[in-house]
Amino acid sequence: MRFLALFITLPAFAVPVDFVREVRPIFEKHCYECHGEKKQKSGLRLDVKSAAFKGGDNHAPDIVPGKASESPLVQFLTSDDEDEVMPPKGKLAAAEIETLTRWIHEGASWPDGVDLAKVEDKRDHWAFKPIQSVEQRAKGKEIDAFIDAKLSEKGLHRSQPADPVTWLRRVTFDLTGLPPTPEEVAEFDRSYKSHGPYMTYSSAVDRLLASPRYGERWAQHWLDVVRYADTHGFEVNTERPHAWPYRDYVIRAFNADTPFDRFIKEQIVGDSMGMDEATGFLVTASVLLPGQIGKDAPSIRLARQDSLDEMVTNIGQTFLGLSVGCARCHDHKFDPISAKDYYAMQALVAGVEYADRELRTPKALARKKEAATARQRDAQITQRLTQLSPMARPGKKEGVQRPTVRATMNIDRIAPVRTKRVRFTIRETNSLEPCLDELEVFNTAGVNVALASAGAKLKTSGDKISRNRHEPAFIHDGRYGNERSWMSNEKGKGWVEIEFAREEEISHIAWSRDRLEKLEDRVALNYAIEIGHDKGWLLVADASDRRPHQLGLGAGPEFVFEGLPETEAKEIRRLLNERGSLLAKIKAGEQGQLAFAGTFREPDDIHLLNRGDPEQPKESVMPAVLSALGDVKLTDATPELKRRQALADWIASPQNTLTARVMVNRIWQGHFGTGLVATPSDFGRMGMKPTHPELLDWLASEFIRSGWSVKHLHRLIVLSGTYGQSSFGFSRTDAAKAATTLDSESKYLWRFPSRRIEAETLRDSMLAVSGKLNFTMYGRGFDLFDKRGGLSGFKPVETFKPENQRRMIYAHKVRREPETVFGAFDCPDAGQSTALRRASTTPIQALNLFNSRFTLEHAHAFAERVKREAGGDAAAQIRRAYELALSRKPTTAESNDTLPLVKQHGASVLCRALFNSNEFLFIP
């Protein structure tokens, strides 16, 4: 290279190069424009010693003292490549290059204290400093004291209190996501008159916090942040059938007021705390499935990097309020998070995989045990049914075909025969590729010898695999249902062969398409059963003398009784009735024991990646927490669980400067619409500063002092005078005008900031007021669309049966597919974390809320409820409608205006109008 030749010919100078007189002027003239205080292209800064010796993003260090030939700075100055040479406008003069080269060769002496600028310490930021001990305020009025002090600084003061019913409506929406019932309003009013405001307000808050509706409301806030959904995302967007246990865990945790430090730990190491489903937090984000990842090694490495990045990003923004993921490709530009820090965080979760896991909670284990007992009894029933069923006669057609168990399970009884192999061949189906959920082969002792657990081996003609749903091994794993089935890769045909551990005398074969849900697609219409022997395969049963499958028969009689004696028919009916209850227990055991909550294995070896590229690994990185916020460092020998435990302990520590602040800010935001820090998932240097820093730290301290009780914070906030203010401001026009001028958004809280209720609350409230809300909690989500995942074209469900009139938090959430009516009301699609919902106002919102089938049907249901409860008098109906929807009676003017309308067009017109009123749509 040219610079080497230049260096070799340098004369020996007696006087060393002076940095201030000779080097810095060159940097000032040619380099500071791109690598100085205002700009640092490629991450390189040359006006500050510490930054210059650290080097740029992808070629650090740029200055290697004593080794000019190894210093990228010299290489850039002397390069003949037009895209690489620096400065980009042309090379330096030969004398200048000579000076810089000799300076580096001599050791790159850069005296301390001569820099013209200083690098700002990224750690010098309020959020990275310890929580400040704040002077105790007046007991019971701590929040108000902080708010009043800030308002006084701004020349403002708080507004008058809201009227009691307005406060009740506000706090009921905030804590439960539903409006108060007329009965609750009446009881509140009686208590207020008898016991006064303090006891009445406190009692109301205690009642609301004890309601199971509270957990449903506040779990939604949390699920927004962690981007929970019931599909995987990306282009295929297939279903996550077992994601919902995490959603249910969050609801239960809020209802139980699980201490927040424990709540953190359960979500990171719940597998060691009896809370397997809680670790669903680690895998809530989108992920590519194995079939979507290229088979080449680079594609696999990139997909793994992306999945690890999602975990680190989720942990950083949810618990710490930091954009840790920005350091994936280079040191964070604004916060004290290096790329090495980022990969050290990756190493803490490097053994986590996105997958289903078996739950080991006491309830799940009990359901599993009950299901196992039910399976044993089901096998006994199967054995008895085979004794009552006619024997199969392969290849024989008769005038009346023989009876058989239909749809749920098919049984073919054969003359006892010894063999080691059975092959089941499907020749024709009623649609697409054939599917079997279980193939059972029983010996004369009634034992299923086809089970994998009994040592049986499996062969198939070919498989259409859908991970965790259709896999070859599922055909003889002893579990029923479409979720545990085998599917052929050929349309209308396929075969399965099972080889037993030893030769057996078999007497019957049982097979089923879907023994739990009784699906009737992909059913084998024409089939053959063969046994292996010395000369090949011997046919022992086929479909020729079985009654053919008929669509819909699975929902009717499961057994055909013609030709059977009445005593046998009676026993069969009894056994089939018993089987129905057994299958329900088996189904409950199957569904309750899996959760999409991650699986754990030996951690990957994590490397610092150049520009975040897995094809450019650099040095290995040990697991550690963010260096600016802690000193927890582990070794590469640390077991997988110990890594996550260290991470959880660090986050949940009272000494962590961010954890408590971030959570109390989220709770404050849930009550006022905006947090004390307006960027709830970014407490870093690019986030907003707190409007009330002392109050934020006092709340954080109080949160920790209370044992990390979320409900304690709710009580403090909603019983404060600040929360209890009127949203209308001041009665005097001049005072209101002045306050609006000084603080139009009320960020200093001189009045309560009214806001529109969220999409879920709107839908739930319409259902509640109409009397149609189904309060069933937990379990598999109900459908909002005609399918639970896929590429596109989701058709909305329009028939609102009781099962899809549950609270919207229980809806099967399809990622990136907003709900048809209420999705327009800024409902997150789970594509990204939504720490703060935007509040848009669009024409489609008004059109949906006024003309949608949902509104029309529930306005009608609302009207029918009003008629039932108020009778036939139109005036009474109007009063009841206002009480149900708005928690008050109509004014005289409202009654006079609506009475002719209701008399002429019926109450549903009024109910529809109330659903569309601002008073219904906004938290007062």
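Take the overall build of the protein next. When helices and strands are tallied, the protein shows 29 helices and 16 strands. Taking the principal axes of the C-alpha coordinates as reference, the protein spans close to 115 × 90 × 45 Å. Residues counted as buried form 53% of the 924 residues belonging to the protein.

Moving on, we come to helix H7 (residues 142-153). Structurally, the α-helix is built with 3.6 residues per turn, so residues lying three or four positions apart point the same way. The terminal C-alpha atoms of H7, which comprises 12 residues, lie 17 Å apart, in line with the 16 Å expected from a rise of 1.5 Å per residue. Among all positions of H7, only Glu142, Ile143, Asp144, Phe146, Ile147, Lys150 and Leu151 are buried. In this structure, the buried side of H7 is in contact with helix H19 (659-672), helix H20 (693-705) and helix H21 (710-718). Looking at the residues trailing H7, positive phi occurs at Gly155, about 75°.

For the structure shown, the criterion picks out 70 salt bridges. By sharing partners, the salt bridges in this structure join Glu183, Arg865, Glu869, Arg880, Glu883 and Lys889 into a single network.

Let us now look at the nonpolar core. As a rule of thumb, nonpolar side chains are buried together in soluble globular proteins. Core analysis: the largest hydrophobic core is formed by 156 residues, its most contacted members being Trp222, Phe254, Phe319, Trp668 and Phe862. Counting residues in hydrophobic clusters, the runner-up holds 26 residues, among them Phe424, Ile426, Val441 and Val449.

Each pair of aromatic rings is reported with the distance of its centres and the angle of its planes. Tallying each qualifying case throughout the model produces 38 aromatic pairs. Arranged with centres 4.9 Å apart and planes meeting at 65°, the rings of Trp511 and Tyr527 form a pair that is edge-to-face. Pair noted here: Trp511 is in strand S8 (residues 494-512) and Tyr527 is in strand S9 (residues 524-533), with a separation of 16 residues, a long-range link. The burial state of Trp511 is the same as that of Tyr527; both residues are buried. Each ring, one from Phe785 and one from Phe794, has its centre 5.7 Å from the other, and the planes form 70°; the classification is edge-to-face. Residue classification places Phe794 among the buried residues on the basis of a relative accessible area of 9%.

We now examine the confidence of the model for the protein. Mean pLDDT over the protein stands at 90; residues scoring 70 or higher make up 94%. Under a pLDDT of 50 for its full length, residues 403-407 has, in the predicted model, 20 contacts with residues more than four places off or in other chains. Below a pLDDT of 50 lies the segment residues 553-557, which in the model reaches six contacts outside its immediate sequence neighbourhood of four places, other chains included.

Another aspect to go through is a negative patch on the surface. On the surface, Asp81, Glu82, Asp83 and Glu84 cluster together into a negatively charged patch. In this structure, Glu82 sits in the loop between helix H5 (72-78) and helix H6 (94-105).

Further remarks concern the pairing of strand S10 (residues 536-542). With six bridges joining them, S9 and S10 adopt antiparallel strand pairing. Bridging across to S10, Ile529 finds its partner in Ala541. Turn length for the S9-S10 hairpin, with the two strands adjacent in sequence and antiparallel, is two residues.

It is worth spelling out empty space enclosed by the protein at this point. Considering all chains together, one arrives at five cavities of 30 Å³ or more under this definition. The calculated volume of the largest cavity comes to roughly 260 Å³. For the largest cavity, the lining is made up of 21 residues, of which Glu760, Met808, Lys813, Cys827 and Pro828 are closest to its centre. Looking at which element gives the most residues to the lining of the largest cavity, the answer is helix H11 (residues 212-226), with three residues. For the lining of the largest cavity, the per-class residue count stands at 12 nonpolar, three polar and six charged.

Another aspect to go through is the side chain of Arg304. Its location among the elements puts Arg304 in helix H14 (residues 297-320). With relative accessibility at 14%, the residue Arg304 sits in the buried group. Separated by 2.8 Å, the side chains of Arg304 and Asp604 make a polar contact. If near-sequence neighbours (up to four positions away) are discounted, Arg304 is found in contact with Met311, Val349, Ala350, Gly351, Val352, Glu353, Arg601 and Asp604.

Note that Gln160 resides in the loop between H7 and helix H8 (164-176). We classify Gln160 as partly exposed; its relative accessible area is 34%.

A few words now on the packing of helix H27 (residues 892-905) against helix H28 (residues 907-915). In contact at an axis separation of 6 Å, H27 and H28 are set at 130° when each is read in the N-to-C sense. Classified by the interaxial angle, the pair formed by H27 and H28 is oblique. Contacts between H27 and H28 involve Thr898, Leu901, Val902 and His905 on the former and, on the latter, Ala907, Val909 and Leu910. Residues of the contact of H27 with H28, tallied by class, amount to five nonpolar, two polar and no charged.

Right, let's talk about the environment of Cys435 for a bit. Its location among the elements puts Cys435 in strand S4 (residues 435-436). For Cys435, a relative accessible area of 1% translates into the label buried. Each C-alpha atom of the pair Cys435 and Met487 lies 4.4 Å from the other, and the pair is 52 residues apart in sequence. Excluding residues within four positions of it along the chain, Cys435 makes contact with His470, Asn482, Ser485, Trp486, Met487, Arg513 and Arg522.

By the secondary structure assignment, Ser726 is in the loop between H21 and helix H22 (733-742). Residue Ser726 is classed as buried on the basis of its relative accessible area, which comes to 8%.

The residue after Met86, namely Pro87, is reached through a cis peptide bond having omega -5°. With respect to the secondary-structure elements, Pro87 resides in the loop between H5 and H6. Phi is positive for Phe234, close to 60°, though the residue is something other than glycine. For Ser746, which is not glycine, the phi dihedral falls at a positive 55°. As for its placement among the helices and strands, Ser746 is situated in the loop between H22 and strand S15 (755-756). Accessibility expressed as a relative area gives 2% for Ser746, which makes it buried.

Before going further, it helps to examine H19. In this model H19 runs 20 Å from its N-terminal to its C-terminal C-alpha over 14 residues, within 8% of the 20 Å that 1.5 Å per residue would give. Across the 14 residues that make up H19, a large majority, 14, are buried. Just downstream of H19, Gly673 is the residue with a positive phi angle, here 90°.

Attention now goes to the environment of Glu433. Along the chain, Glu433 turns up in the loop between strand S3 (410-429) and S4. For Glu433, a relative accessible area of 14% corresponds to the buried category. Sequence-distant contacts of Glu433, defined by excluding residues within four places in its chain, comprise Lys464, Met487, Ser488, Asn489, Glu490, Lys491, Gly492 and Arg522. Reaching out from Glu433, the side chain makes a polar contact with the side chain of Lys464 at a distance of 3.4 Å. Side chain to side chain, Glu433 and Arg522 meet in a polar contact 2.8 Å long.

This paragraph deals with the packing of H11 against helix H12 (residues 244-255). At a minimum axis separation of 8 Å, H11 and H12 run at an interaxial angle of 125°. In terms of axis orientation, H11 runs oblique to H12. Read as a crossing pair, H11 and H12 show a hand that is right-handed. Every residue of H12 that contacts H11 at Pro212, Tyr214, Gly215, Glu216, Trp218, Ala219, Trp222, Leu223 and Val226 is listed here: Tyr246, Arg247, Val250, Ile251, Phe254 and Asn255. Along the lines of polarity and charge, the residues of the contact of H11 with H12 split into 11 nonpolar, two polar and two charged.

The rules behind the values
Residues numbered from 1 in each chain as written. Predicted model: local features only at pLDDT ≥ 70, side-chain atom pairs only at ≥ 80, totals over all residues. Heavy atoms only, no water. Helix = DSSP H or I, 4+ residues; strand = E, 2+ residues; numbered from the N terminus. Buried < 20%, exposed > 50% of the residue type's maximum accessible area, 1.4 Å probe, protein only. Expected span 1.5 Å × (residues − 1). Contact = heavy atoms within 4.5 Å. Salt bridge = Lys/Arg side-chain N within 4 Å of Asp/Glu carboxyl O. Core = buried A, V, L, I, M, F, W, Y, C linked by side-chain atoms within 4.5 Å. Phe/Tyr/Trp six-rings, centres within 6.5 Å; stacked < 30°, edge-to-face > 60°. pLDDT = per-residue confidence, 0-100. Patch = residues over 30% accessible without salt bridge, like charges linked within 9 Å, V, L, I, M, F, W, Y side chains within 5 Å. Areas by Shrake-Rupley, 256 points an atom, 1.4 Å probe, with all protein chains shown as cover. Lys, Arg positive; Asp, Glu negative; His and termini not counted. Charge placed at Lys NZ, Arg CZ, Asp CG, Glu CD. Pairing = 2+ DSSP bridges. 1 Å grid on protein atoms, 1.4 Å probe; cavity = no way out; pocket = protein on both sides within 12 Å on 5 of 7 lines; lining within 4 Å. Points joined across faces, edges and corners; volume = space filled by probe spheres on them. Nonpolar A, V, L, I, M, F, W, Y, C, P; charged D, E, K, R; others polar. Polar contact = N/O pair within 3.5 Å; in protein donor to acceptor, adjacent residues only side chain to side chain. Axes fitted to C-alpha atoms, helices over the stretch in contact; angles between N-to-C directions. Parallel < 35°, antiparallel > 145°, perpendicular 65-115°, else oblique. Left-handed = near helix turned anticlockwise from the far one by under 90°.

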